[in-house]
Amino acid sequence: MEYVLVLNGKEFAVDWNGSAAAEAFLRKLPLTLTMQDFNGNEKFGTLPFSLAAEKKVPTAIAGGEIMLFRDTVLVLFYEDIPHTQYSYTPLGRIAAQPGSGDWEAFVRCMREYSVQAEFKRIAAE
């Protein structure tokens, strides 16, 4: 199976990292979250369930990363963050490469104040 993130009707491929937390998240799909902006560089939404957190403080966060904050807050980063003091559990990242048309579409969607994020499985071709 492949997994996508749908933002405002546009599908984005996601590369999950295979961690226990990511696998537990994938077992809960499909899932739609209303995500709000925070700091002009990320969106967050509260999950209707908890995940086992494997928290660490990253040295830097790249735009496109998907992380868990605490054990119930899903965070999608759309800008790079050179340093942070917060602990996150990495789950995966958007597959689009910075500079590509898909990346630009992802960033445009994320810059909307509130966004509906739908995570779902799709059949592999």
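Structure: above.
Residues numbered from 1 in each chain as written. Predicted model: local features only at pLDDT ≥ 70, side-chain atom pairs only at ≥ 80, totals over all residues. Heavy atoms only, no water.

### Regarding the pattern of salt bridges
Under the definition given, this model contains 4 salt bridges. For the salt bridge of Lys 10 with Asp 102, the shortest nitrogen-to-oxygen distance reads 3.4 Å. Taken as a pair, Lys 10 in strand β2 (residues 10-16) and Asp 102 in helix α2 (residues 101-110) lie far apart in primary sequence, 92 residues in all. Take Lys 10: its relative accessible area is 33%, and that puts it in the partly exposed class. Two residues, Glu 79 and Arg 111, come together in a salt bridge whose shortest N-O distance is 2.4 Å. Placement of Glu 79 in the loop between β6 (73-77) and β7 (88-94) and of Arg 111 in the loop between α2 and β8 (114-122) is noted, with a sequence separation of 32 residues between them. (Salt bridge = Lys/Arg side-chain N within 4 Å of Asp/Glu carboxyl O. Helix = DSSP H or I, 4+ residues; strand = E, 2+ residues; numbered from the N terminus. Buried < 20%, exposed > 50% of the residue type's maximum accessible area, 1.4 Å probe, protein only.)

### Some remarks on the pairing of strand β1 (residues 2-7)
A large share of β1 lies buried, amounting to 5 of its 6 residues. The sheet contact formed by β1 and β8 spans 6 bridges and is antiparallel. Bridge pairing in β8 places Val 4 opposite Lys 120. With 4 bridges connecting them, β1 and β2 associate as antiparallel partners. Across the sheet, Val 4 pairs through a bridge with Ala 13, a residue of β2. Here β1 folds back onto β2 in antiparallel fashion, the turn holding 2 residues, of which Asn 8 has a positive phi close to 50°. (Pairing = 2+ DSSP bridges.)

### Some words on the packing of aromatic side chains
Tallying each qualifying case throughout the model produces 9 aromatic pairs. On the numbers, 5.7 Å between centres and 50° between planes, the contact of Phe 69 with Tyr 88 is tilted. Within this pair, whereas Phe 69 is found in strand β5 (residues 65-69), its partner Tyr 88 is found in strand β7, the two being separated by 19 residues in sequence. What links up through ring pairs into an aromatic cluster is the set Phe 69, Phe 77, Tyr 86 and Tyr 88. (Phe/Tyr/Trp six-rings, centres within 6.5 Å; stacked < 30°, edge-to-face > 60°.)

### Quick word on the side chain of Glu 65
On the secondary structure map, Glu 65 appears in strand β5. No salt bridge is formed by the buried Glu 65; its nearest oppositely charged neighbour, Arg 93, is found at 4.7 Å. Within the structure, Glu 65 has its side chain in polar contact with the backbone nitrogen of Ala 62 (distance 2.8 Å). With residues near it in sequence (within four places) discarded, Glu 65 still touches Ala 60, Val 75, Leu 76, Phe 77, Gly 92 and Arg 93. (Lys, Arg positive; Asp, Glu negative; His and termini not counted. Polar contact = N/O pair within 3.5 Å; in protein donor to acceptor, adjacent residues only side chain to side chain. Contact = heavy atoms within 4.5 Å.)

### Quick word on the sheet that holds β6
With antiparallel pairing, the 8 strands of this closed barrel are ordered in space as β1-β2-β7-β5-β6-β4-β3-β8. With strand direction ignored, the average angle separating the axes of adjacent strands in the sheet is 35°. Summarising the sheet, strand β4 (residues 42-46) and β6 pair through 5 bridges and their orientation is antiparallel. Paired with Lys 43 across the strands is Leu 76, a residue of β6. Sheet strands in contact with α2 are β1, β2, β3 (31-38), β4, β6, β7 and β8, and its direction is about 105° off that of β2. (Axes fitted to C-alpha atoms, helices over the stretch in contact; angles between N-to-C directions.)

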